[in-house]
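Now for the letters of each chain:
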Amino acid sequence: MAWKPWQIGGAVAVVVVAAGLGVYFGTGDEGGPTPAANPSASGGAAAAPAPIEVAVTDKACEPETLTVPAGKVSFRIVNKSQRALEWEILKGVMVVDERENIAPGFTARLTTTLEPGTYGITCGLLSNPKGTLTVTGGAPAAAKPSVLDLVGPIAEYKVYVTGEVEALAKDTEAFTAAVKAGKLDEAKALYAPARVHYERIEPIAELFSDLDAAIDSRADDHEKKEADPGFTGFHRIEYGLFARNSTEGLAPFADKLVADVADLQKRIATLAIPPNKMVGGAADLIEEVASSKISGEEDRYSHTDLWDFQANLDGAEKIVDLLRPLTRKADPALSDRIDKNFATVDKILAKYRAEAGGFETYDKLTPEDRKALQGPVTALAEDLARLSGTLGIS
Amino acid sequence: MAETPPRDPAKPEAERLRSPGRRNLLLGLGAVGGGAVVGALAGNAAAAEKPGPVADGAKARQPVYGRHQSGVATPRPAAAMIASFDVLATTKDELRDLFRGLTERVAFLMQGGTPPSLDPKFPPADSGVLGPTVTPHDLTVTVAVGASLFDGRFGLAGLKPRHLETMHAFPNDALVADECHGDLLLQICSDSPEANVHALRDVVKHFPSQLMLRWKQDGFAPPQALATPAGTGRNLLGFKDGTVNPDPLDPAAMERVVWVQDGQGEPAWAVGGSYQAVRLIRHFVEAWDRTALQEQENIFGRDKATGAPLGMKREHDEPDFAKDPKGERVPLTAHMRLANPRTKGEPAHRLFRRPFNYSRGITKAAQMDMGLIFICFQADLAAGFITVQNRLNGEPLEEYVKPFGGGYFFVLPGVPDKSRYLGQPLLEA
């Protein structure tokens, strides 16, 4: 909630994320080539498995076939040929990992993580026959996404967040204009639709805790509750419109909300979304649902909680959608379970969609459906909390 | 620290109780229970008394009289109850009666004894929760007062301790008015929740027209052993809480950190007392249990299993933050680092923590309502709790915790002997 935001220059943010991803993943390299005479210098990683030694002569690899268990594996490559070489592990034509520029007489270490399967290894000159590397299954380390795998999803997520903030600003303008014009019914109708944009990107918005408090705090957060001067934002206006049934005195809150949302939009524009914030965001959104939306405590004056409920789900599902190819590869069962629970929750909520758009009020939710939502929501919270670990993100 | 002499099964109990061990002296004097004993405790015996549970189960007791009240520099027992009251007395005389009476009840409850038996046509004198004879169970009842006691009602406005104020909300707080503040706070601790319930019911029954309960919260904690170095208890987030704490059994440390001294600019009556900050802090344990271990550890800055600062081996290893200026080992936002940045000139301790965990019902969203009764004592509230909490504002831990109640109080100085009462120097100032 109150982390220092990662503010990096505007338009280049996505590029910066890509460049910075190395920070979040181990690269597997442990330094450059070392003289063969001093192999221990390539040590350093005491925890790494004992290296598999491969010598490369002028004609071939020795041995030409290797078998290793899946997961983290370390190779010690000894260049016994007359020329500098690069040693590659290949899957078809794709280079899975490589160690470049090993001088004659030198040794290099390569540590990498391999999934089960059959790979080729290069052995000096391209005309030399390739060796075979068999990686056996058993307990494969979860396939962690590579650095580049996450760049696309993060860039797309940034586009999604930016779009939601734009819509938030636009809809908040319309909502507050109605408030200030004293159009009570119109303001009431515009309240929930404006909020959903905020609720969809709540984990990102909450990176700015000062604005989150100003825009979205509830009366509970303040000692004097509704009368507290610190109580501002959507719920303060909601209180006026729905509990007091009046737009009177709301103009200052309307102006402040517009200003705070504009500030949020400005800050998000220059925000580089770190991978852990995007991936963890799915879990954060479901925690929101589990802790307050499911009990109808969020929109206690308007009872529009189901709008927020769906918006939190939408935001989480967006993240899950963007990551699905990676999740599916790393843990298909987890991916299936998440999808199934989202479907269950969406289906129950769909019963409460109103004809005019949006949702019925929270009090229409039957105790049976309220209970039926609890299980899948809690299971989603547990499963989504495993997403970062599954994808190997710190 | 002296310990209970080894038991000699051949020695009769009465003789053992007469042996000169300081705690046994107290035990011996109190063995028959009742008010007469209390007088005998006045003076030297009590003054020499140091806090600490004796290994005698239900009969163990803590000193009633002395320079300071028990329950502060007393090793933390297993059970606590924090009860805040509004004072209904309307005049200074009534307030004096209340404090006199309260002092008597506290002495009886802490010493133990047999309540009078009454004609069964009447309600009994005692709740009977501890049986026909009240056993002390290491009970301490620590009496503190809130800023509101110094309003116009009792003519005490000019005597308020200088830092005592109504607790204001920090940015992450969501204070519930019904669980905050109060004129009078009783911190009731013992080795048994029943003894705490018994004590509270005794007080409530004795002062029907003078006290009204405002809020209360039960707590529990891994008890701290007497002679062995106190193992640090864990909070309900599973982390050790209170690693960097002055030793409550080191009187010099307690004088420096906890007790108000002469020359601090405090009213004379307050010397020997202490500021007490109480914070009821809910922990969002479901969400916490769904948080990656490395994130949990980065939030606290400590290894969850050992309690060692990240990158170190043992709980009490001292991190050198000067060598970690970017927070690569212990993040700059880690709880332990914000609370105590270990910069030059920063005192080793600003406060003494004596917290308890709590667990009560569930929320409307079917989530567990549990967390911490944070309690700390200090000689200067502004330089102590308020300074540290201001440093913590905005910490990543806030995502998982929500302070909702508590308040600031001032622990009255101790009662020197049976002829005096709690708060006497204040009320007769």
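To keep things clear, this report deals only with the structure shown in the data block. These figures come from a predicted structure and were not determined experimentally.

## Section: the overall build of chain B
Line of reasoning, step 1. Each helix and strand in chain B was counted, giving 12 helices and 9 strands.
Line of reasoning, step 2. In chain B, once contacts between residues fewer than 6 apart in sequence are set aside, the share between residues at least 24 apart is 75%.
Line of reasoning, step 3. Counting only carbon and sulfur atoms, one obtains 57% of the accessible surface of chain B, whose full area is about 17,700 Å².

## Quick look at empty space enclosed by the protein
Residues and elements named next belong to chain B.
Line of reasoning, step 1. Going through the model one piece at a time under the given rule, you end up with 10 cavities of 30 Å³ or more.
Line of reasoning, step 2. Computed from the structure, the largest cavity encloses a volume of approximately 740 Å³.
Line of reasoning, step 3. As for the largest cavity, its lining consists of 39 residues, of which His 335, Ala 339, Arg 353, Phe 374 and Leu 392 are closest to the centre.
Line of reasoning, step 4. Among the secondary structure elements, those contributing two or more residues to the lining of the largest cavity are strand E5 (274–283), helix H10 (335–339), strand E8 (368–378), helix H11 (382–392) and strand E9 (401–411).
Line of reasoning, step 5. Looking at which element gives the most residues to the lining of the largest cavity, the answer is H11, with 4 residues.
Line of reasoning, step 6. Here the lining of the largest cavity is composed, by residue class, of 18 nonpolar, 10 polar and 11 charged.
Line of reasoning, step 7. One number sums up the size of the second largest cavity: a volume of about 90 Å³.
Line of reasoning, step 8. The wall of the second largest cavity is formed by Val 64, Tyr 65, Gln 69, Ser 70, Thr 103, Val 106, Ala 107, Met 110, Val 141, Val 415 and Leu 422.

## A look at H11(B)
All names here are of chain B.
Line of reasoning, step 1. All of the buried residues in H11 are Gly 384, Phe 385, Ile 386, Val 388, Gln 389 and Leu 392. Summarising the axial view, the buried residues of H11 lie within an arc of 160 degrees, below the 170-degree limit, and thus occupy one face.
Line of reasoning, step 2. Two residues or fewer after H11 comes Gly 394, characterised by a positive phi angle close to 85 degrees.

## Considerations on the packing of aromatic side chains
The description of an aromatic ring pair uses the distance of the two centres, along with the angle that the planes make with each other.
Line of reasoning, step 1. The full count for this structure, using the stated rule, is 18 aromatic pairs over all chains.
Line of reasoning, step 2. A network of ring pairs unites the aromatic residues A:Phe175, A:Tyr191, A:Phe234 and A:Phe242 as a single cluster.
Line of reasoning, step 3. Across from the ring centre of A:Tyr119, 4.7 Å away, lies the NZ or CZ of A:Lys91, which sits over that ring.
Line of reasoning, step 4. Over the ring of B:Phe356 we find B:Arg76; its NZ or CZ atom is 6.0 Å from the centre of that ring.

## Regarding the environment of A:Leu241
Residue and element names in this part refer to chain A.
Line of reasoning, step 1. Mapped onto the elements of the fold, Leu 241 is located in helix H6 (residues 234–243).
Line of reasoning, step 2. Classification of Leu 241 by relative accessible area gives buried; the value is 0%.
Line of reasoning, step 3. Between the alpha carbons of Leu 241 and Asp 185 there is a distance of 8.7 Å; along the sequence they are 56 residues apart.
Line of reasoning, step 4. Discounting chain neighbours no more than four positions away, the residues touching Leu 241 are Phe 175, Val 179, Leu 184, Ala 187, Lys 188, Ser 246, Thr 247 and Leu 250.

## Things to note about the interface of chain B and chain A
Line of reasoning, step 1. Listed by partner, the interface residues are 22 residues for chain B and 23 residues for chain A.
Line of reasoning, step 2. Overall, the association of chain B and chain A removes approximately 1,700 Å² of surface from exposure, summing both partners, and the carbon and sulfur fraction of that is 47%.
Line of reasoning, step 3. When the buried area of chain B at its contact with chain A is split by residue, B:Arg290, B:Ala365 and B:Glu399 rank highest and sum to 35% of it.
Line of reasoning, step 4. Counting across the chain B and chain A interface gives 2 salt bridges.
Line of reasoning, step 5. For B:Arg290, the salt bridge goes to A:Glu287, with nearest N and O atoms at 2.7 Å.
Line of reasoning, step 6. Taken together, chain B and chain A are joined by 5 residue pairs in polar contact (both at pLDDT 80 or more).
Line of reasoning, step 7. In terms of residue class, the side of chain B that touches chain A is made up of 10 nonpolar, 5 polar and 7 charged.

## Notes on unusual backbone geometry
Line of reasoning, step 1. Residues A:Glu62 and A:Pro63 are joined by a peptide bond in cis, for which omega reads -5 degrees.
Line of reasoning, step 2. Looking at the secondary structure, you find A:Pro63 in the loop between strand E3 (61–62) and strand E4 (65–69).
Line of reasoning, step 3. Although it is not a glycine, A:Lys225 adopts a positive phi angle of roughly 50 degrees.
Line of reasoning, step 4. Within the secondary structure layout, A:Lys225 lies in the loop between helix H5 (209–216) and H6.
Line of reasoning, step 5. Even without being a glycine, B:Asp138 presents a positive backbone phi close to 60 degrees.
Line of reasoning, step 6. You can see B:Asp138 is positioned in the loop between helix H5 (92–111) and strand E2 (140–146).

## Overview of the environment of B:Lys344
Residues and elements named next belong to chain B.
Line of reasoning, step 1. As for its position among the elements, Lys 344 is in the loop between H10 and strand E6 (352–353).
Line of reasoning, step 2. The class for Lys 344 is exposed, based on a relative accessible area of 87%.
Line of reasoning, step 3. Along the backbone, Lys 344 and His 181 are 163 residues apart, and their C-alpha atoms lie at a distance of 35 Å.

## Some remarks on the sheet that holds strand E9 (residues 117–121) of chain A
Residue and element names in this part refer to chain A.
Line of reasoning, step 1. Read across the sheet, 5 strands follow the order E4-E10-E9-E6-E7 without closing on themselves; strand pairing throughout is mixed. If you trace the sheet from one side to the other, it starts and ends with E4 and strand E7 (94–102), each paired once. Across the sheet, the mean angle separating the axes of adjacent strands is 20 degrees when strand polarity is ignored.

## Side note on the state of the cysteines
All names here are of chain A.
Line of reasoning, step 1. In total, this model carries 1 disulfide over all chains according to the counting rule given.
Line of reasoning, step 2. The disulfide that involves Cys 61 links it to Cys 123, with 1.8 Å between the sulfurs. Of note, the bridge from Cys 61 to Cys 123 carries an S-S torsion of about -105 degrees and is left-handed in sense. Here Cys 61 is found in strand E3, whereas its partner Cys 123 is found in the loop between E9 and strand E10 (131–136), with 62 residues between them in sequence.
Line of reasoning, step 3. Classification of Cys 61 as buried rests on a relative accessible area of 2%.
Line of reasoning, step 4. Judged by relative accessible area, which is 2%, Cys 123 ranks as buried.

## Overview of the packing of helix H8 (residues 275–293) of chain A against helix H11 (residues 367–384) of chain A
Residue and element names in this part refer to chain A.
Line of reasoning, step 1. Close contact between H8 and H11 brings their axes to 9 Å; oriented N to C, the two are set at 155 degrees. By the criterion of interaxial angle, the relationship of H8 to H11 is roughly antiparallel. Handedness of the H8/H11 crossing: left-handed. Along the contact surface, H8 presents Ala 282, Ala 283, Ile 286, Glu 287, Val 289 and Ala 290, while H11 presents Val 377, Leu 380, Ala 381 and Leu 384.

Rules of the game
Residues numbered from 1 in each chain as written. Chains lettered and ligands numbered in written order. Predicted model: local features only at pLDDT ≥ 70, side-chain atom pairs only at ≥ 80, totals over all residues. Heavy atoms only, no water. Helix = DSSP H or I, 4+ residues; strand = E, 2+ residues; numbered from the N terminus. Contact = heavy atoms within 4.5 Å. Areas by Shrake-Rupley, 256 points an atom, 1.4 Å probe, with all protein chains shown as cover. 1 Å grid on protein atoms, 1.4 Å probe; cavity = no way out; pocket = protein on both sides within 12 Å on 5 of 7 lines; lining within 4 Å. Points joined across faces, edges and corners; volume = space filled by probe spheres on them. Nonpolar A, V, L, I, M, F, W, Y, C, P; charged D, E, K, R; others polar. Buried < 20%, exposed > 50% of the residue type's maximum accessible area, 1.4 Å probe, protein only. Arc of directions from axis to C-beta. Phe/Tyr/Trp six-rings, centres within 6.5 Å; stacked < 30°, edge-to-face > 60°. Lys NZ or Arg CZ within 6 Å of the ring centre and 35° of its normal. Buried area = accessible area lost by both parts, 1.4 Å probe. Salt bridge = Lys/Arg side-chain N within 4 Å of Asp/Glu carboxyl O. Polar contact = N/O pair within 3.5 Å; in protein donor to acceptor, adjacent residues only side chain to side chain. Pairing = 2+ DSSP bridges. Axes fitted to C-alpha atoms, helices over the stretch in contact; angles between N-to-C directions. Disulfide = S-S within 2.5 Å. Parallel < 35°, antiparallel > 145°, perpendicular 65-115°, else oblique. Left-handed = near helix turned anticlockwise from the far one by under 90°.

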